[in-house]
Amino acid sequence: MNRPIARFGAAVLFAALALPALAHEASAASSTPTPQDGYFQTITPVAEGVWLIAQPQPFHIQPIGNVVVIEQSDGLVLIDAGGSPGAGRRIVELVRSVSAKPVKAVAITHWHGDHVLGATSIVQAWPTAEIIATDVTDAHLRGRSMKAYAKGSPDAALQAQFDKRLDGAETFLRDTLAKPDLSTRERDGFEASQRLLAQYRRDTRDLVLVLPTRTFVDSLKLDDARRPVELRHPGRGNTDGDLIAWLPRQRVMATGDLVVAPIPFGFNAYPADWERTLRAMQAQHPAVWIPGHGAAMRDDAYVGRVVDLIGRTRDAIAPLAAQGVTIDEAKKRVNLSGDRAHFVGDDAWLTRWFDRYWTQPFIDAAWREAKGEPIEQGEG
Ligand SMILES: [Zn+2]
């Protein structure tokens, strides 16, 4: 299971779970997330004129990226767009619940589908909204990374392929639940994931990838008297084209998936750059950190833990890579359980996904880095 996840990248995590698609049996399409699942995003203020749209439950196998809403004098700026047309429609309603102003721009933090595939619903609601990304992210969206998605209008053949990948995820969940040795916590988690997959199927009908209309290399200012926004490429980290948003007046920083809580995502990352990038962001001393997933934070304690985790993983891997140990052997020898406990405690469900979404892919990345091998972005 490790390799396929690392290879696919994090664009559609359910799809990354997909085993070769087996016969599609009875679909779970009738099931619906419960309030306890904490799946549907809600909107809360984080500063005057700034809101966060986030999932109440911060970890899901297939999460929806956070969206930040910033009110400027002549319209709203969104950071990210949600992970599906359905999530995008709900984001439109949430945005309208706090401001009557139109959305004038959406800045995409990185190319992964859980942050960009809702944009189609946002431009339906506000057709003149600009879609902004770094030039590197723009290239991923137009290129191989997102070649599985229709551009411009829905595509029946591509949609059928996408749906088939979800069949594979459904099979994976069903097979896993058939195992007798799951803890109650894990069983609850997988059962919730079945409900959420059914919702995700509904949300991902008529998938269309909206492409950027404006790009930048290092930084772009969206000026405003009260809430200017500085979009920046702070360096590589979670991807090679990461974008962050900085509100100098409010000292709010939206990080995209450079910061994700409670489980950071380590797919196809750039370990040394990531450490450097996060330290530079800390040096800005944000008053509010808004991660790509998870709740807003009022200090950098969590970010510091991520920096430490990246550093310790690199330090553990580098000598093993130099000794010529195989990567599979290295994964067995490196013990990050102490660090992991700082993030997820003894929660069996989160422990399982910490290993799948962070430890294994990040060790892959640290290994490649130590060997001087290229780190390439995956496919969605
Ligand atoms: Zn994400």
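Residues numbered from 1 in each chain as written. Predicted model: local features only at pLDDT ≥ 70, side-chain atom pairs only at ≥ 80, totals over all residues. Heavy atoms only, no water.

Looking at an unreviewed UniProt entry, one finds the chain named MBL fold metallo-hydrolase, with Lysobacter auxotrophicus as its source organism. Recorded in UniProt under Sequence similarities (unreviewed entry), the annotation for the chain is "Belongs to the metallo-beta-lactamase superfamily. Class-B beta-lactamase family." (UniProt positions renumbered as here; feature names shortened; annotations may be inferred.)

A. Representation of the coordination of the zinc ion within the structure. Summarising the metal site, the zinc ion is bound by the protein donors Asp114 (OD), His115 (NE2), Asp257 (OD) and His293 (NE2), whose distances to it range over 2.1 to 2.2 Å. In this structure, the zinc ion is coordinated by four donor atoms arranged in irregular fashion, with angles at the metal of 86 to 161 degrees. Here the donor residues for the zinc ion map to a single chain with the spacing D-H-x141-D-x35-H. Of this pair, Asp114 sits in helix 4 (residues 113-116) while His293 sits in the loop between strand 12 (288-290) and helix 10 (301-323); the two residues are 179 residues apart in sequence, bridging distant segments of the chain. Just as Asp114 is buried, His293 falls in that class too. (Donors = N, O, S within 2.8 Å, 3.2 Å for Na, K, Ca; no water. Tetrahedral: all angles 85-135°; square planar, octahedral: opposite > 155°, others 65-115°. Helix = DSSP H or I, 4+ residues; strand = E, 2+ residues; numbered from the N terminus. Buried < 20%, exposed > 50% of the residue type's maximum accessible area, 1.4 Å probe, protein only.)

B. Geometry of the confidence of the model for the chain. With 92% of its residues at a pLDDT of 70 or more, the chain shows a mean pLDDT of 92. Ignoring residues within four places in sequence, the model shows residues 1-11, a span with pLDDT below 50, making 39 contacts including any to other chains. Considering only residues more than four positions removed or in separate chains, one finds that residues 18-29, a stretch of pLDDT under 50, has 20 contacts. (pLDDT = per-residue confidence, 0-100. Contact = heavy atoms within 4.5 Å.)

C. Region of interest: the UniProt feature "domain: Metallo-beta-lactamase" (unreviewed entry) in the chain. Look at the UniProt record and you will see "domain: Metallo-beta-lactamase" (unreviewed entry) annotated at residues 64-293. Helix makes up 37% of residues 64-293 and strand makes up 18%, while its end C-alpha atoms are separated by 8 Å.

D. Spatial organisation of the sheet that holds strand 2 (residues 50-54). The strand order 1-2-3-4-5-6-7 describes an open sheet built from seven strands, whose pairing is mixed. Two strands lie at the open edges of the sheet, namely strand 1 (42-47) and strand 7 (214-216), each paired on one side alone. Each strand of the sheet is rotated relative to its neighbour by a mean of 25 degrees, with strand direction disregarded. Across five bridges, strand 1 lies against strand 2 in antiparallel orientation. Pairing of Ala47 across the sheet is with Val50, part of strand 2. (Pairing = 2+ DSSP bridges. Axes fitted to C-alpha atoms, helices over the stretch in contact; angles between N-to-C directions.)

E. A look at the pattern of salt bridges. Scanning the model with the defined rule gives 25 salt bridges in all. Arg279 serves as the salt-bridge partner of Glu275, at 3.4 Å between the closest nitrogen and oxygen. Remark: Arg279 and Glu275 occur in helix 9 (residues 271-282); sequence separation between them is four residues, near one turn of the helix. Salt-bridge contacts for Arg368 lead to Glu373; the nearest nitrogen and oxygen are separated by 3.6 Å. Residue classification places Arg368 among the partly exposed positions, given a relative accessible area of 30%. Look at Glu373 and you get partly exposed, because its relative accessible area is 36%. Beyond isolated ion pairs, a larger network of salt bridges with shared partners links Arg144, Lys147, Glu376 and Glu379. (Salt bridge = Lys/Arg side-chain N within 4 Å of Asp/Glu carboxyl O.)

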